[in-house]
There are 2 protein chains.
Amino acid sequence: MSTDDPTSSAGIAATTPTEARRPLTLRDVSEASGVSEMTVSRVLRNRGDVSAATRERVLAAAKKLGYVPNKIAGALASSRVNLVAVILPSLSNMVFPEVIDGISNVLEDTELQPVLGVTHYRPEQEEKVLYEMLSWRPSGVIIAGLERSEASKAMLRNAGIPVVEIMDVDGEPIDSVVGISHRRAGRVMAQAIIEAGYKRIGFLGTKMPLDHRAKKRLDGFVDALEAAGMKLADEEYYEGGSGFGKGREMTKAILERSPDLDFLYYSNDLIGAGGMLYCMENGIDIPGRVGMAGFNNIELLDGLPRQLATMDSCRREIGEAAARIIAERAGSPALAGGEHVVLMPKVTMGDTLQRQ
Amino acid sequence: MSTDDPTSSAGIAATTPTEARRPLTLRDVSEASGVSEMTVSRVLRNRGDVSAATRERVLAAAKKLGYVPNKIAGALASSRVNLVAVILPSLSNMVFPEVIDGISNVLEDTELQPVLGVTHYRPEQEEKVLYEMLSWRPSGVIIAGLERSEASKAMLRNAGIPVVEIMDVDGEPIDSVVGISHRRAGRVMAQAIIEAGYKRIGFLGTKMPLDHRAKKRLDGFVDALEAAGMKLADEEYYEGGSGFGKGREMTKAILERSPDLDFLYYSNDLIGAGGMLYCMENGIDIPGRVGMAGFNNIELLDGLPRQLATMDSCRREIGEAAARIIAERAGSPALAGGEHVVLMPKVTMGDTLQRQ
DNA sequence: TTGAAAGCGCTAACAA
DNA sequence: TTGTTAGCGCTTTCAA
């Protein structure tokens, strides 16, 4: 916060919260300081040359009154809005909060501010949120995934602002894209599993048909199995939120149905952790009797009895890279778009993916 | 989404993303439909009487052009902004995402939209975020905690909009408040532990001096112990993010230092889970040799080898109640404020808080 | 270094 | 049912 920021120290008027007063305007500060509105505006924005004396007077008056500028009016007049729309499918699975952290970290050093919208993996909801956010004329959009309705695509193309699609790179981006290939993630994991000598592999994942990235991982996984003349030995799907309990139930179910499985590939670390706990409790040796792997590399889970094999989804890096692209282009709108950033995480073998 | 929403179906112009075009205005739609700007405005907002024929023409034109209204101008003209500022300390610990979910659930049925700001538990950051958000003149503020800088308090008081402070009720709210008493939470948990017959109780928690709620829980806990003529037998503090690994390390440390402890009170479920895993691996019987309890009632953890004793922090309910207060008052600004909603969660005994 | 005038894109209020 | 006028609070542009 700059030292000119009227909030930076105490002394703001502690007006009693009587009936809703008219919000203060530049004019009020102008009158209180005996300086034109224009000059007050200049002081408050650190723009143009203002004498030190005037500056002091204005700042004092603003702070005394407790003036908070009206960005709505400012944005309308300047047609500049320092907001970046961030549109994500969910906050509940520990992956997107980290993306947001990455974004905030980068934007904190700029004038830009992230504004969050959540779609719950529903295209109609995405359309609605997008429409809502674009109507505030943000300086850029960061949005998860590449699959969306035609209407959403059209809005993004027509918005005339930088758009960064994140998480996934398997598809046609509208403008810029930052992420990993989920097909590759599935493929590479399958290869590591095959190489370790596992033969009868089961998959446990979400039923959610709208989680395109989970689907792509599975597709890549199956492709790699087929390339090695193998196929999935069994599958188990769930609905609703991920958690240890889900992982347990599913693991129990699949192992009872297919006791000869020697590897379990989970669509995320959380259900993988549940499966690990189930196996350990039931004396099923990991990774000897069954190996297992998840996806995401959730830090919170460091400290499970075994370290789960996984692959990093590069959440923070993705957020940071996306924010950097927006920040650069917001600074000089002339810049061409279409940046493609493809991250290449490796398999973390952990303790659960190795033939003993 | 109403059927009048111009985004609701395909057919939006898929203009090629040439150089940044001038964003469309009401005037463009007015010209394209041969109807006055004012009437176009009325159609798009479903306000006032408009003939079905005109309505059709306008909607068709808007959709064909791909018009997205400019809320900035709308807000300035109407001095109504359908935004609710939601200011939270963090997204990384699984508690606040659920609060946000609760808020969104309720606001989805209204015109209001949540806008998120994150403070990382830093008062200066809170001040900055608050200033930034208030400068958009939102319809209300939902903000975590009761402790904040004088400047922040002054801004909230002077904003002239409903303010709901959430999570905690131990203190003086500015306007409305929704939460639980963290003092009571600590006290009630201590009483349950004492009643179960545990005598030598250790505390494991965050060092973070700015997490007032964690501090209050500990205070209440210690108070209840003292009332029973007891005191904390040992304490262990950590810094940085919570995770199983932290819980393990701390548990190891405190039990090696004080092997005679018979109960471990963790400041949250995540480190509690880590402690549980540590004890089970090291043949420390739970709850016979040591009992344990956490805080928050994190759903994800259902499926641990033992169900951890805990107390619900009512995250979703708090979000919902807060949003409801804002929604009501935004609807009829004349309504008085100062609602106090105090939730009273009970101890969940689980498997880790009972003398065998 | 400061000020005055015009207008950003929309909506409230009123008129037709 | 539709249109006209004025102006929301600020910034841009130009003049002093």
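Residues numbered from 1 in each chain as written. Chains lettered and ligands numbered in written order. Predicted model: local features only at pLDDT ≥ 70, side-chain atom pairs only at ≥ 80, totals over all residues. Heavy atoms only, no water.

As annotated in an unreviewed UniProt entry, chain A carries the name Transcriptional regulator, LacI family and is attributed to Aliiruegeria lutimaris.

1. Some thoughts on the sheet that holds strand β5 (residues 176–180) of chain B
By definition, the strands of a sheet pair up through backbone hydrogen bonds, in either a parallel or an antiparallel sense. All names here are of chain B. As summarised here, the arrangement of the six strands in space is β2-β1-β3-β4-β5-β11, forming an open sheet in which the pairing is parallel. The open sheet is flanked by β2 (113–118) and β11 (340–343), the only strands paired with a single partner. Neighbour to neighbour, the strand axes of the sheet diverge by 15° on average, direction disregarded. The sheet contact formed by strand β1 (residues 83–88) and strand β3 (residues 140–144) spans four bridges and is parallel. The residue bridging V84 from the neighbouring strand is G140, located in β3. Across the face of the sheet, helix α6 (residues 123–134) comes into contact with β1, β2 and β3 while running at roughly 150° to β2. (Pairing = 2+ DSSP bridges. Helix = DSSP H or I, 4+ residues; strand = E, 2+ residues; numbered from the N terminus. Axes fitted to C-alpha atoms, helices over the stretch in contact; angles between N-to-C directions. Contact = heavy atoms within 4.5 Å.)

2. Considerations on the interface of chain B and chain A
The interface of chain B with chain A comprises 68 residues on the first partner and 68 residues on the second. Where chain B touches chain A, the interface holds two salt bridges. Between K71 of chain A and E132 of chain B there is a salt bridge; the shortest N-O distance is 2.5 Å. At the junction of chain B and chain A, the tally comes to 16 residue pairs in polar contact (both at pLDDT 80 or more). Listed by contribution, the elements that provide at least two residues to the side of chain B that touches chain A are α4 (71–78), α5 (96–107), β2, α6, α7 (150–158), α10 (244–257) and α11 (269–281) of chain B. It is α6 of chain B that contributes the most residues to the side of chain B that touches chain A, seven residues altogether. Broken down by class, the residue content of the side of chain B that touches chain A amounts to 38 nonpolar, 16 polar and 14 charged. (Salt bridge = Lys/Arg side-chain N within 4 Å of Asp/Glu carboxyl O. Polar contact = N/O pair within 3.5 Å; in protein donor to acceptor, adjacent residues only side chain to side chain. Nonpolar A, V, L, I, M, F, W, Y, C, P; charged D, E, K, R; others polar.)

3. Thoughts on helix α12 (residues 315–331) of chain A
Residues and elements named next belong to chain A. For α12, built from 17 residues, the straight-helix expectation of 24 Å at 1.5 Å per residue is met to within 8% by its first-to-last C-alpha distance of 25 Å. Burial in α12 covers these residues: R315, I318, G319, A321, A322, A323, I325, I326, A327 and R329. Buried-residue contacts for α12 involve β1 (83–88), α5 (96–107), β3 (140–144), β4 (163–168), β5 (176–180) and β11 (340–343). (Expected span 1.5 Å × (residues − 1). Buried < 20%, exposed > 50% of the residue type's maximum accessible area, 1.4 Å probe, protein only.)

4. Points about the sheet that holds strand β7 (residues 234–238) of chain B
Residues and elements named next belong to chain B. Taking strand neighbours across the sheet as the criterion, the four strands line up as β7-β6-β8-β9 in an open arrangement whose pairing is parallel. On the outer flanks of this sheet lie β7 and β9 (291–293), each paired with one strand and no other. Going from strand to strand, the sheet's axes swing by 15° on average, the running direction of each strand aside. Where strand β8 (residues 263–266) meets β9, three bridges bridge the pair, whose relative direction is parallel. Within β9, the residue paired with Y265 across the bridge is A293. On top of the sheet, helix α9 (residues 212–227) reaches β6 (201–206), β7 and β8; it is set at about 170° to β6, its chief contact.

5. Section: the protein's contact with DNA strand D
What surrounds DNA strand D is a group of 23 residues, the closest being L26, M38, S41 and Y67 of chain A together with T54 of chain B. In DNA strand D, atoms within 4 Å of the protein come 66% from sugar and phosphate. Contact between DNA strand D and R42 of chain B: a base nitrogen at 2.6 Å from a side-chain N or O atom of the residue. When contributions to the surface near DNA strand D are tallied by element, the ones reaching two or more residues are α2 (37–45) and α4 (71–78) of chain A together with α2 (37–45) and α4 of chain B. If you tally residues by element for the surface near DNA strand D, the top one is α4 of chain A, at four residues. Here the surface near DNA strand D is composed, by residue class, of ten nonpolar, nine polar and four charged. (Near = heavy atom within 4 Å.)

6. Details of unusual backbone geometry
Here the residue pair I286 of chain A and P287 of chain A is connected by a cis peptide bond, since its omega of 5° sits within 30 degrees of zero. Relative to the helices and strands, P287 of chain A resides in the loop between α11 (269–281) and β9 (291–293). Unusually for a residue other than glycine, M167 of chain B sits at a positive phi of about 85°. Its place among the elements puts M167 of chain B in strand β4 (residues 163–168).

7. As for the protein's contact with DNA strand C
Taken together, 23 residues lie near DNA strand C, and R42 and T54 of chain A together with L26, S41 and Y67 of chain B sit nearest. Sugar and phosphate atoms form 67% of the subset of DNA strand C atoms that lie within 4 Å of the protein. With respect to DNA strand C, the backbone of L26 of chain B contributes an N or O atom lying 2.5 Å from a phosphate oxygen. Interatomic distance of 3.2 Å between a side-chain N/O atom of R45 of chain B and a phosphate oxygen of DNA strand C. Of all the secondary structure elements, the ones that give two or more residues to the surface near DNA strand C are α2 and α4 of chain A together with α2 and α4 of chain B. For the surface near DNA strand C, the element with the most residues is α4 of chain B, which contributes four residues. Grouping the amino acids of the surface near DNA strand C by side-chain chemistry returns ten nonpolar, nine polar and four charged.

8. Considering the nonpolar core
Of all hydrophobic cores here, the largest spans 105 residues; its most connected members are I166 and L353 of chain A together with I166 and L353 of chain B. Considering every element that reaches this core, the biggest residue donor is α12 of chain A, with seven residues. Not counting residues within four places of it along the chain, the set of residues in contact with I166 of chain A comprises L88, V99, I142, I143, A144, G145, V178, I318 and A322 of chain A. Counting residues in each nonpolar core, the second largest holds 52 residues, with M94, I254, I271 and I298 of chain A among its members. (Core = buried A, V, L, I, M, F, W, Y, C linked by side-chain atoms within 4.5 Å.)

9. Things to note about the environment of L146 of chain B
All names here are of chain B. Its place among the elements puts L146 in the loop between β3 and α7. Judged by relative accessible area, which is 6%, L146 ranks as buried. Spatially, the C-alpha atoms of L146 and V164 are 9.9 Å apart, while their sequence positions differ by 18 residues. Setting aside residues up to four positions removed in sequence, L146 forms contacts with K153, E165, D168, V169, D170, G171, E172, P173 and V177.

10. Description of the relation of the copies chain B and chain A
In this structure, two copies of a chain are linked by a rotation about an axis accompanied by a shift along it. Taken as rigid bodies, chain B and chain A are interconverted by a rotation of 180° and an axial shift of 0.0 Å, the fit giving an RMSD of 0.1 Å. Such a combination of rotation and displacement between the chain copies is what one expects of a two-fold axis. The overlap is high: 100% of the interface residues of chain B also sit at the interface in chain A, so the same surface is used on both sides. (Least-squares fit on C-alpha atoms with pLDDT ≥ 70 in both.)

11. Let's talk about empty space enclosed by the protein
Per the counting criterion, the structure on display carries three cavities of 30 Å³ or more. Taken as a whole, the largest cavity spans an internal volume of roughly 190 Å³. Along the walls of the largest cavity sit 15 residues, with L83, V115 and W136 of chain A together with L83 and V115 of chain B positioned nearest its centre. Only β1 and β2 (113–118) of chain A together with β1 and β2 of chain B provide two or more residues apiece to the lining of the largest cavity. Ranked by residue count, the leading element in the lining of the largest cavity is β1 of chain B, at three residues. When grouped by side-chain class, the residues that make up the lining of the largest cavity number 13 nonpolar, two polar and no charged. As a volume, the second largest cavity reaches approximately 90 Å³. (1 Å grid on protein atoms, 1.4 Å probe; cavity = no way out; pocket = protein on both sides within 12 Å on 5 of 7 lines; lining within 4 Å. Points joined across faces, edges and corners; volume = space filled by probe spheres on them.)

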